[in-house]
Amino acid sequence: MKHEHLEDYVTSIPDFPEPGIIFRDITTILQDPDGFKMAVDGLIQLTDGLSYDGVVALEARGFIFGTPVAYADGTGFIPIRKKGKLPRKTISEKYALEYGEAEIEIHEDAIKKGGKYVIIDDLLATGGTVEAACHLVEKLGGEVVRICFVMELAGLKGREKLSRYDVRSLITYEGK
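Below, the structure is looked at part by part.

Reading the values: the criteria
Residues numbered from 1 in each chain as written. Predicted model: local features only at pLDDT ≥ 70, side-chain atom pairs only at ≥ 80, totals over all residues. Heavy atoms only, no water. Core = buried A, V, L, I, M, F, W, Y, C linked by side-chain atoms within 4.5 Å. Buried < 20%, exposed > 50% of the residue type's maximum accessible area, 1.4 Å probe, protein only. Helix = DSSP H or I, 4+ residues; strand = E, 2+ residues; numbered from the N terminus. Contact = heavy atoms within 4.5 Å. Expected span 1.5 Å × (residues − 1). Arc of directions from axis to C-beta. Pairing = 2+ DSSP bridges. Axes fitted to C-alpha atoms, helices over the stretch in contact; angles between N-to-C directions. Patch = residues over 30% accessible without salt bridge, like charges linked within 9 Å, V, L, I, M, F, W, Y side chains within 5 Å. Areas by Shrake-Rupley, 256 points an atom, 1.4 Å probe, with all protein chains shown as cover. Salt bridge = Lys/Arg side-chain N within 4 Å of Asp/Glu carboxyl O. Disulfide = S-S within 2.5 Å. 1 Å grid on protein atoms, 1.4 Å probe; cavity = no way out; pocket = protein on both sides within 12 Å on 5 of 7 lines; lining within 4 Å. Points joined across faces, edges and corners; volume = space filled by probe spheres on them. Nonpolar A, V, L, I, M, F, W, Y, C, P; charged D, E, K, R; others polar. Parallel < 35°, antiparallel > 145°, perpendicular 65-115°, else oblique. Left-handed = near helix turned anticlockwise from the far one by under 90°.

## Re the nonpolar core
Proteins that are soluble and globular tend to have nonpolar side chains buried together.
So, step 1. Of all hydrophobic cores here, the largest spans 26 residues; its most connected members are Ile119 and Ile147.
So, step 2. When residues of this core are traced back to their parent elements, those giving at least two are strand S3 (54–58), strand S4 (76–82), strand S5 (90–97), strand S6 (100–107), strand S7 (116–124), helix H4 (128–139) and strand S8 (143–153).
So, step 3. Discounting chain neighbours no more than four positions away, the residues touching isoleucine 147 are Ile119, Val130, Cys134, Leu162, Tyr165, Asp166, Val167 and Arg168.

## Focus: helix H3 (residues 61–73)
So, step 1. For H3, which comprises 13 residues, the first-to-last C-alpha distance of 19 Å matches the rise-based estimate of 18 Å (1.5 Å per residue) to within 8%.
So, step 2. Considered for burial, the residues of H3 that qualify are Gly62, Phe65, Gly66, Val69 and Ala70. Buried positions in H3, seen along its axis, are confined to an arc of 130° and lie on one side of it.
So, step 3. On the buried face of H3, the contacting elements are helix H1 (27–31), helix H2 (33–46), S3, S4, S7 and S8.
So, step 4. Among the residues trailing H3, glycine 74 stands out with phi positive, at a value near 70°.

## With respect to the sheet that holds S7
So, step 1. One open sheet accounts for 7 strands, arranged S5-S6-S4-S3-S7-S8-S9; its pairing is mixed. In this open sheet, the two strands that pair with only one neighbour each are S5 and strand S9 (167–173). Going across the sheet, the axis of each strand differs from the next one's by a mean of 20°, ignoring polarity.
So, step 2. Judged from the 6 bridges that link them, S8 and S9 form a sheet pairing that is parallel. Residue pairing across strands places glutamate 152 opposite threonine 172, the latter belonging to S9.
So, step 3. Seen against the sheet, H2 touches S7, S8 and S9 and runs at an angle of roughly 145° to S9.
So, step 4. Lying on the sheet, H4 is in contact with S3, S4, S5, S6, S7 and S8; it crosses S5 at an angle near 155°.

## A closer look at a nonpolar patch on the surface
So, step 1. Together, Ile13, Phe16 and Phe23 make up a nonpolar patch on the protein surface, roughly 240 Å² of accessible area in all.
So, step 2. When you line up the elements, phenylalanine 16 lands in the loop between strand S1 (11–14) and strand S2 (22–25).

## So, the state of the cysteines
So, step 1. If you walk through the whole model with that rule in mind, you get 0 disulfides.
So, step 2. Of all cysteine sulfurs in the structure, the one in cysteine 148 sits closest to cysteine 134, which takes part in no disulfide; the separation is 11 Å.
So, step 3. The class for cysteine 134 is buried, based on a relative accessible area of 0%.

## Focus: the layout of surface pockets
So, step 1. Considered as a void within the structure, the largest pocket measures approximately 1200 Å³ in volume.
So, step 2. When residues of the lining of the largest pocket are traced back to their parent elements, those giving at least two are S2, H3, S4, S5, S7, H4 and S8.
So, step 3. With 4 residues, S7 is the largest single contributor of residues to the lining of the largest pocket.
So, step 4. Considered class by class, the residues forming the lining of the largest pocket number 20 nonpolar, 5 polar and 10 charged.

## What about the packing of H2 against H3?
So, step 1. Interaxial distance between H2 and H3 falls to 9 Å at its minimum, and their mutual angle equals 55°. Between H2 and H3, the crossing angle belongs to the class labelled oblique. Handedness of the crossing formed by H2 with H3: right-handed. Touching Phe36, Ala39, Val40, Leu43 and Ile44 of H2 are Ile64, Phe65, Pro68, Val69, Ala72 and Asp73, all from H3.

Written out as structure tokens, the structure is:
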């Protein structure tokens, strides 16, 4: 069934993973051809008129949305993956999780010095992973000109962590 708004394609699951939390399931956007098209077209519109050299996206759902945007805009696609997944020489960045830390990496030759990049991911929550991705782009001499998300959970204040960047979201939920 075709919906008018992208958020109509998101399934909200109350009390998951714990009581009081509403889990916003983005896979229902992906499963519906109209929803998926609406999300990708929306992200393309968020980059409209922006001059940039490539799309950087985070494993795994960022790849789903970032690849068609790079294709549509005629730019390259640069993957950022969990540590140990990329085959050539990389640089990495650690970031904090609720319990412990994680690490992501990028090929050290993926970013052109002075190049301009858009980062795309499915969800802005606390912002830690995307902040680490920004640091990787900048360590290699690139500039992050915009960060685009399909969905944002404003209650987790990830936008504050990314306050020095141009952040755009297709859907914003006020809670967590």
